[in-house]
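Structure at a glance
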Amino acid sequence: MTTSPFGRVITAMVTPMTPDGAVDTKGVTDLVEHLVATGHDGVVVNGTTGESPTLSSAESIAMVETVKEAAGDRLAVTAGVGSNNTAHAIEMSQAATRAGADALLVVSPYYNKPTQAGLLAHTRAIADAAQLPIMLYDIPGRTATPFAVDTLIALADHERILAVKDAKGDLWASSEVMAATDLLWFSGADEVNLAHLAQGAHGVVSVVGHVAGREYRAMVEAVDAGDLAAARAIHHRLIPVTNAIMSTSQGAIMAKAALVELGVIEHASVRLPYVEGPDEHLDILRKGLAASGIGAA
């Protein structure tokens, strides 16, 4: 299975934490080992699922160092460095590079809602200052600012902008960009992983992959082989666990709870404004794991 600077079967890692809110370094290394053992060739750290808004800059860089030390060459480590402050994003990209990241994830600026011209200038400034391959992160549901088709086509000309994590949900826009550029496309929403792969995506950046890495690797390989029936069967089998993790509350909350259920990490602790799921959510999660045939690690 041909890979890329980012990998192809990638999980956007949670940041394991202790009950007092500190980053759980042992939990981080245990999670890396779990992901290596379950079919992954890449991880994203300090993304949405990693609770990046509540990590300090120092904690974010320490996460890159810890994950890279644990993973070695077994996983491509893509570091989330996006910000709505262009200068800060550049600083974080340089710090992540020094910390050992293999690639960078750059989200569109949130809250300040730039024009597409501003988004283009922001992203180019980060890429010009960077030394690593860049994956753009298009998630307007959280940022309010999508990467327009023409903007992505223009950014594809930059030598370091190589990929897009698509959580926009516009399959036709994805097709337009894939047809017009050589950008590597990654599904950024587990509900549409199969749809993206079937129309030419290179891989997935998953949340459900915390517990279904083997299944997503099999799905990618099945699509590569032209066996859409096999890929579709995997997609259907993962519906219960995908709903349980992605639709019950927040992916980060439920992914941590799932990892505790499987014995991968010790604590499901999250930082405010997140709170751990109540018992009824855990019941939904357990049923979803069982219905999708995902058992103890």
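Treat the numbers as computed from the prediction; the structure is a model and nothing was measured.

Right, let's get into the UniProt feature "binding site: pyruvate" (unreviewed entry) in the chain. Here the UniProt feature "binding site: pyruvate" (unreviewed entry) sits at Thr49 and Val205. Separation in sequence by 157 residues is not matched in space for these annotated residues, since their most distant C-alpha atoms are only 10.8 Å apart. Of the residues annotated just before, the second largest pocket has Thr49 and Val205 among its lining. Among the structural elements, Thr49 can be located in the loop between strand S2 (42-45) and helix H2 (57-71). In this structure Thr49 comes out as buried when scored by relative accessible area, which is 8%. Apart from the residues lying within four places of it in its own chain, the contact partners of Thr49 are Ala12, Met13, Val14, Thr15, Val207, His210, Gly251 and Ala252.

When you tally the buried positions in strand S6 (residues 161-166), you get five out of six residues, the bulk of the element. Here strand S5 (residues 134-138) pairs with S6 via five bridges, running parallel. Pairing of Tyr137 across the sheet is with Lys165, part of S6. Strand direction decides the pairing type here: S6 and strand S7 (residues 184-187), joined by four bridges, are parallel. Its bridge partner lying in S7, Asp166 is registered against Ser187. On the question of chirality, the crossover connecting S6 to the parallel S7 by way of helix H7 (residues 171-180) is right-handed.

Below, the discussion takes up the side chain of Thr151. Mapped onto the fold, Thr151 is located in helix H6 (residues 149-155). Take Thr151: its relative accessible area is 6%, and that puts it in the buried class. Apart from residues lying up to four places away in sequence, Thr151 is in contact with Gln116, Leu119 and Leu120.

Approximately 580 Å³ is the volume attributed to the largest pocket. Around the largest pocket, the lining is made up of 28 residues, and of these Asn46, Ser52, Pro53, Gly82 and Tyr110 lie nearest the centre. Elements that contribute at least two residues to the lining of the largest pocket include exactly H2, helix H3 (86-98), strand S4 (103-107) and helix H5 (140-143). Counting residues per element, the lining of the largest pocket draws most heavily on S4, at three residues. Counted by class, the lining of the largest pocket contains twelve nonpolar, 13 polar and three charged residues. Considered as a void within the structure, the second largest pocket measures approximately 370 Å³ in volume. As for the second largest pocket, its lining consists of 23 residues, of which Ile139, Arg142, Gly188, Val207 and Met246 are closest to the centre. When its residues are assigned to classes, the lining of the second largest pocket shows ten nonpolar, eight polar and five charged.

Okay, the environment of Leu75 next. Position of Leu75 relative to the elements: it lies in the loop between H2 and strand S3 (76-80). Residue Leu75 is classed as buried on the basis of its relative accessible area of 2%. For the pair Leu75 and Glu261, spaced 186 residues apart in sequence, the C-alpha to C-alpha distance is 24 Å. For Leu75, the residues in contact, after removing those within four places along its chain, are Val32, Val36, His40, Asp41, Gly42, Val43, Lys68 and Asp102.

Reading the values: the criteria
Residues numbered from 1 in each chain as written. Predicted model: local features only at pLDDT ≥ 70, side-chain atom pairs only at ≥ 80, totals over all residues. Heavy atoms only, no water. UniProt positions renumbered as here; feature names shortened; annotations may be inferred. 1 Å grid on protein atoms, 1.4 Å probe; cavity = no way out; pocket = protein on both sides within 12 Å on 5 of 7 lines; lining within 4 Å. Helix = DSSP H or I, 4+ residues; strand = E, 2+ residues; numbered from the N terminus. Buried < 20%, exposed > 50% of the residue type's maximum accessible area, 1.4 Å probe, protein only. Contact = heavy atoms within 4.5 Å. Pairing = 2+ DSSP bridges. Right-handed = clockwise from strand over helix to strand, strands pointing away. Points joined across faces, edges and corners; volume = space filled by probe spheres on them. Nonpolar A, V, L, I, M, F, W, Y, C, P; charged D, E, K, R; others polar.

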